[in-house]
Every structure is written in structure tokens, then in C-alpha cells.
Amino acid sequence: MEARRSTEPLQGGYDVDENAVRFSNYFHLLRELVHLSCGWLALEPRLEVKYALGDHLHDDARSVTKVKRRLYELRTPSDYPGAPSDELRELLDRASAATSSEDYLRIAYGELKPALVAATRIHLDRLDPMLDEPSLRLLVQLSNRQERHVTELPQTPVSPAFEDLGALPIQLRQVRELTVMAPLDAPARDGYVEVTAEGDPYLTDSLYVNGDENHVPTDPEEQKHFFHGLMDAELCAAELMARNSHEHPEMPWDFHVDMARQCWDEIRHAEVHDALMASELDCHWGDFPVGFGYFQSVYAYDLLGRLVLFNGTSEQKAMWRHSHRRKVLIELGQPKVARVFDYLLADEVPHVHNGRRWGTYLLGGDEAAYREKLRELRAALDPTGTPVGTPAAESA
Ligand SMILES: [Fe+2]
Ligand SMILES: [Fe+2]
């Protein structure tokens, strides 16, 4: 117990209001990063960069939640702590006006994140570690994460027009609206990946139906095609969730955290298939064509339709197939491939829940109305769960 007692003199640090202003600035910067990274994820062609973005935007979404909580504790309205100052607004406007993913990354990882790292260092240096221990804990995690991000997606750092992001004033009772990008035509892929209208012709409907007719890919050649198609389906799922968040800034903050989490899960699934193909199946990303027919058929719907069709239907039905695939592969003595489906199945549970949670929210909290919407939209699907007239190749 003795070790917990300190005779160090208190330093005083920041007063509560100054502290809250600092966190309000971090809130604005992080919220904009989540919003814009969600917008650009699908348009970033480079696979490795897409992987990193999906991971970082989830970190940043969780950081916003923690910063909001700290603002509440510091007696500041945590839903919206006033608008950013002109200096910060200028920087955020430039990030919003980016015209390519490369341009956005230059600002996000060369200016916004370094400004946040610099401010958290100043903050950690000056705060009183005893009086303000909750901020200390939060800031250590926040700055570690941001440092990792700028190391993973390095850009030339550019000094901002201000010295300390945390010291910028906040414009009380004003609101900064987030800018929403133009709708997506199609996700971007590396130049070495061939995109065709019908995707990989090797992938047959029997891979994607539930019940007795379901075919589990067990021989090496069909597994190559199957996991390659599945990897693209995971990328499309990450991109769809990211666009759901980006295109709906009016949704409650928890919705964005759920979308960010699912985006990261789908990115991790793609990474798993990527590694499985290279290490177990002797094939690689880009070996076969991919198609965006299924993605585009779901993306064409409004948010409720996307949640019902993708989370509530496609992912819900995929749970049965993952479980069936796992069982067949274990019986065949392929435990490593079977283990992949074990985890895909586990992750699918919260993804289906996201559909029910936010679909019900959009229907005014009426769960019966959500079930009715499920019935209505499912009636227009073929046996593979694909809207009629769309190629099924990119399903899971
Ligand atoms: Fe997935
Ligand atoms: Fe999923």
C-alpha cells in the first residue's frame, strides 16, 4: 500500500475549463478524421493502405467516444462542445476538400494527426498527474495510437498555422456541419486486380445457397477461387459500412462506432483470407477477376435498406453457411481452414445485430416494423440472397 502514497508536490496543471477546451479541439479533429477516412476508404486503391485506414478509423472512433466521456466529466456538453476556431476550421476544410485519397492522406497523416500528437505531448507535459489522472490515462493511449498511425501511413509532416491545437479557442453554441462526399460509383482496387461485370465465373450459385444444395469448397482449386471471392466480399463489406457512416453524419455517435468496428472486422477478415491464400492455398490476391454487382445492388438502397439487406439478411444467412462449412472441413481434416469459419461466424453475430439495432432505430424503435421490412426486402431476393438480376459472385 505504501507504494501508492506520493509526497510529490502537486503541479496544478490546467484548470478544468482549459482542459475541456483542449479535449474539445481533439474531439473536432478526431471526429472529422473518422468521417473523412470512412468516406475515402472505398476510393483508396492500394490494399495495404486500405487495411491501415480501416484499422485507424476504428481506433479514432473509439477515441472520440473516450474524449466525449471526458468532456462530460469536465462539465462540457459532450454531444457537441461548440465549433472549432477559424484556424482549426481552415485545416479541417482543407481535409474535407481533398480531391483524391492520396491528397486526403497527405493532410490527414501529414497535418491533422501530427498536430494531435504534438498537442497531446504538450498536454501530458503540463497536466497534473494526480489531479487529472483520468486525462493522463486517456492521453497516453491517444498519443500512442496516433504515433502508430503516422508511422504506418507516413507522410511528410507539415507544420500547422497554429502552435498548439489544444490551446485554440472553441466557439460556443456554434456547430460545424460535416461535408458528405459524392455517392460512390464503385470501390477502387489496385491496378493488378481485374474488375469485370460478372466477377469470377468460377464461383457458382451453389456456394452461396443455404440448405441441402449448399456446396462447400473442399478441393484446392475451388478453394483458391472461393477465398479470393470471399476476400473481395470482405473488402466490399468494409467499404459499405464505412460509407454508411460517412453518408449519415446525422446518426447518433454509437452508430458510427458500430460501423467503424464492423469496418475493421471486415478488413481483418480480408487480411485473414489474404494470408490464408498465400500460405495455405498457393494463390494470391489479384489471381482472379472480381465484380461489384452485389455491392452496387445493396449500395443503391437507402441506409435502412442497406442495413436490412446486408446486415439483417446477407450476413444473417452467411452465419448458417460458415457453420456448415466449418463442420464439413473439420470432418475432412482441414482444421486450419475450418478455424477461419469459426471466427467469421463469431464476428457475424454483432454484424447482424448492427442491422437490427440501427434498422429499428431508423423505424422509430419499432422492432415489429423492422421484421416487416426484413420480410418485404427479402421477398425480392434470389436463393443466393442476391437482389434479382445481380451476379452473386461477391457474396459471402
Ligand atoms: Fe466478414
Ligand atoms: Fe460481417
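Residues numbered from 1 in each chain as written. Chains lettered and ligands numbered in written order. Predicted model: local features only at pLDDT ≥ 70, side-chain atom pairs only at ≥ 80, totals over all residues. Heavy atoms only, no water.

Observations regarding the pattern of salt bridges
Piece 1. Enumeration over the complete set of coordinates arrives at 35 salt bridges.
Piece 2. Ionic pairing is found between Lys 50 and Glu 239, a salt bridge with its closest N-O pair at 2.6 Å. With Lys 50 in helix 2 (residues 47–73) and Glu 239 in helix 6 (residues 220–247), the pair connects residues that are 189 residues apart, well separated along the chain.
Piece 3. Assessed through its relative accessible area of 1%, Lys 50 is described here as buried.
Piece 4. The salt bridge involving Arg 89 is made with Asp 86; its shortest N-O contact spans 3.1 Å. Here Asp 86 and Arg 89 lie together in helix 3 (residues 86–96), a separation of three residues that amounts to about one turn.
Piece 5. Classification of Arg 89 as partly exposed rests on a relative accessible area of 36%. (Salt bridge = Lys/Arg side-chain N within 4 Å of Asp/Glu carboxyl O. Helix = DSSP H or I, 4+ residues; strand = E, 2+ residues; numbered from the N terminus. Buried < 20%, exposed > 50% of the residue type's maximum accessible area, 1.4 Å probe, protein only.)

Re the coordination of the iron ion (ligand 2)
Piece 1. For the iron ion (ligand 2), every protein donor is listed as Glu 266 (OE), Glu 315 (OE), Glu 348 (OE) and His 351 (ND1), and the spread of their distances is 2.0 to 2.3 Å.
Piece 2. Mapped onto the polypeptide sequence, the residues donating to the iron ion (ligand 2) form the spacing pattern E-x48-E-x32-E-x2-H.
Piece 3. Between the iron ion (ligand 2) and the iron ion (ligand 1) the interatomic distance comes to 3.5 Å, and Glu 266 is a ligand of both metals. Residue Glu 315 is found in helix 9 (residues 303–331), and its partner Glu 348 is found in helix 10 (residues 335–362); the two are separated by 33 residues along the sequence.
Piece 4. Residue class for Glu 315 comes out buried when judged on its relative accessible area of 4%.
Piece 5. A residue is classified by how much of its surface remains accessible, and Glu 348, at 5% relative accessible area, is buried. (Donors = N, O, S within 2.8 Å, 3.2 Å for Na, K, Ca; no water.)

Details of the environment of Leu 153
Piece 1. By secondary structure assignment, the location of Leu 153 is in the loop between helix 5 (133–152) and strand 2 (170–171).
Piece 2. Given a relative accessible area of 9%, Leu 153 falls into the buried group.
Piece 3. The sequence separation of Leu 153 and Pro 220 amounts to 67 residues, and the corresponding C-alpha distance is 35 Å.
Piece 4. Contacts of Leu 153, omitting those with residues within four sequence positions, involve Val 49, Ala 52, Leu 53, His 56, Leu 105 and Tyr 109. (Contact = heavy atoms within 4.5 Å.)

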